[in-house]
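Observations on chain architecture
One letter stands for each residue in the lines below.
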Amino acid sequence: MAAREAGGAAADRLFSLSGLFAVYKPKGLTSAAVLNLLKGRLLAEAGVQTNENKRNQVLKIGHGGTLDSAAAGVLVVGIGKGTKMLGTMLAGSKKYTAIGMLGKATDTLDATGKVTEEKPYDQVTKGDLENVLQKFTGHIMQVPPLYSALKKNGERLSTLMKRGEAVEAKPARPVRVYSLSLQQFQPPLFTLDVECGGGFYVRSLVSDIGKELSTCATMQELTRTKQGPFTLEEHALHEDKWTIDEIARSLEHCTSLLPREPSHKKLKTEHPGETAVICE
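Residues numbered from 1 in each chain as written. Predicted model: local features only at pLDDT ≥ 70, side-chain atom pairs only at ≥ 80, totals over all residues. Heavy atoms only, no water.

Brief notes about the overall build of the protein
When you go through the protein residue by residue, the secondary structure sums to seven helices and 15 strands. With 280 residues in all, the protein has 45% of them scored as buried. Intrachain contacts of the protein at a sequence separation of at least 6 include 73% that bridge at least 24 residues. (Helix = DSSP H or I, 4+ residues; strand = E, 2+ residues; numbered from the N terminus. Buried < 20%, exposed > 50% of the residue type's maximum accessible area, 1.4 Å probe, protein only. Contact = heavy atoms within 4.5 Å.)

Some remarks on the UniProt feature "domain: tRNA pseudouridylate synthase B C-terminal" (unreviewed entry) in the protein
Listed under "domain: tRNA pseudouridylate synthase B C-terminal" (unreviewed entry) in the UniProt record, and renumbered for this structure, are residues 203-238. Counted over residues 203-238, helix gives 28% and strand 42%. Its end C-alpha atoms are 25 Å apart. (UniProt positions renumbered as here; feature names shortened; annotations may be inferred.)

Considerations on the environment of Lys-104
Assignment of secondary structure puts Lys-104 in strand E5 (residues 104-106). When its relative accessible area of 33% is taken as the criterion, Lys-104 is described as partly exposed. When the C-alpha positions of Lys-104 and Met-219 are compared, they lie 9.5 Å apart, and in sequence the two are 115 residues distant. In contact with Lys-104, not counting residues within four places along its chain, are Val-115, Glu-117, Glu-118, Cys-216, Ala-217 and Thr-218.

Structural notes on the pairing of strand E11 (residues 189-196)
Burial analysis of E11 places six of its eight residues in the buried class, which makes it a mostly covered element. As judged from the eight bridges shared by strand E4 (residues 94-102) and E11, these two strands associate in the antiparallel manner. Within E11, the residue paired with Ile-99 across the bridge is Thr-191. Sheet topology note: the strand E10 (residues 173-186)/E11 ladder contains eight bridges and is antiparallel. Paired with Gln-186 across the two strands is Leu-189, which belongs to E11. Linking E10 to E11, which pair antiparallel, is a turn of two residues. (Pairing = 2+ DSSP bridges.)

So, the side chain of Ser-31
Examined against the element boundaries, Ser-31 turns out to sit in helix H2 (residues 31-45). Within the structure, Ser-31 has its side chain in polar contact with the backbone nitrogen of Leu-67 (distance 2.9 Å). (Polar contact = N/O pair within 3.5 Å; in protein donor to acceptor, adjacent residues only side chain to side chain.)

Some words on the environment of Trp-242
Mapped onto the elements of the fold, Trp-242 is located in the loop between strand E14 (236-237) and helix H7 (244-254). The exposure class assigned to Trp-242 is buried, which follows from its relative accessible area of 3%. Trp-242 sits 203 residues away from Lys-39 along the chain, and the two C-alpha atoms are 9.3 Å apart. Other than its neighbours up to four places away in sequence, Trp-242 contacts Val-23, Tyr-24, Val-34, Leu-37, Leu-38, Arg-41, Leu-42, Glu-45 and Leu-237. In terms of polar contacts, Trp-242 uses its side chain to reach the backbone carbonyl oxygen of His-238, at 3.4 Å.

Structural notes on the confidence of the model for the protein
In this model, the protein carries a mean pLDDT of 85, and residues with pLDDT of at least 70 account for 78%. In this model, residues 1-5 is a region of pLDDT below 50 whose contacts with residues beyond four sequence positions or in other chains number zero contacts. Of the regions scoring below 50 in pLDDT, residues 262-270 engages in nine contacts with residues more than four places distant in sequence or in other chains. (pLDDT = per-residue confidence, 0-100.)

What about the nonpolar core?
Counting residues in each nonpolar core, the largest one holds 29 residues, and the members touching the most others are Phe-190, Val-194, Phe-200, Val-202 and Ile-209. Looking at this core, the elements with two or more residues in it are E4, helix H4 (126-133), E10, E11, helix H6 (202-212) and strand E12 (217-227). It is E10 that contributes the most residues to this core, five residues altogether. Contacts of Phe-200, omitting those with residues within four sequence positions, involve Ile-140, Gln-142, Val-175, Val-177, Val-194 and Leu-205. (Core = buried A, V, L, I, M, F, W, Y, C linked by side-chain atoms within 4.5 Å.)

So, unusual backbone geometry
Note the cis peptide between Pro-187 and Pro-188, where omega equals 5°. Among the structural elements, Pro-188 can be located in the loop between E10 and E11. Phi is positive for Leu-109, close to 70°, though the residue is something other than glycine. Inspection of the secondary structure assignment puts Leu-109 in the loop between E5 and strand E6 (115-118).

Re the pattern of salt bridges
Counted under the stated rule, the structure contains six salt bridges. Residue Lys-135 pairs with Glu-212 through a salt bridge whose shortest N-O separation is 2.8 Å. Placement of Lys-135 in the loop between H4 and strand E7 (138-142) and of Glu-212 in helix H6 is noted, with a sequence separation of 77 residues between them. When its relative accessible area of 53% is taken as the criterion, Lys-135 is described as exposed. Among the residues examined, Glu-212 registers a relative accessible area of 37% and is labelled partly exposed. (Salt bridge = Lys/Arg side-chain N within 4 Å of Asp/Glu carboxyl O.)

Pasting the structure below:
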């Protein structure tokens, strides 16, 4: 009886959680898979049977700003009424650390794809790279990758590509790069730090840099180090901290990061391909 009461208290506490917090998304999992794992962990801790008890259907949880499965880093999560605030995460800036490789291009623009082209890169110097970066700073035009979450007739372009269907490239669209710097250059690898606005694809940036240097390039690794006010070092909860108590603490800690009176209106993001994913 006492155990049941304790379980009931845990469930009550879980369903009372509300706000935004951040988790660490590991490499190899989709953002949706991470969200499902987190939700399952919390419901299990609260003693809520997902099949027998319909109560879990009112546990609103979602994420704002999808990370590719090959990428790692900050994933902002909304729980309870916090799911209505996820749109603000799409409009805010994001920071990434990316490792690119000169001399190879792939169909996905990252290390998960098939190599489509190889070119010499010996002529590229550190100075060349640093000079090129200036062309990709500020308000620029960017063509999104074909393998992406952008949709055509309701289906993701990446899904259509994997089925072998012909997909036309989306037109170039305006994006914003607040800062871009070269952190390391050990040919063929180079490491970039980039802060950008919504709808920006770091994969496309790396590919475009390769073309600008008269070679080609593909992204090897990507880590999101900041999304809006949430940073990887200070706010992202790793899997061992995915507990009701830890998330309650994080929600309290993160309250000060958010606007005092957040707008709960549906935001029109600059780029309609970006969506906040919410499941109940």
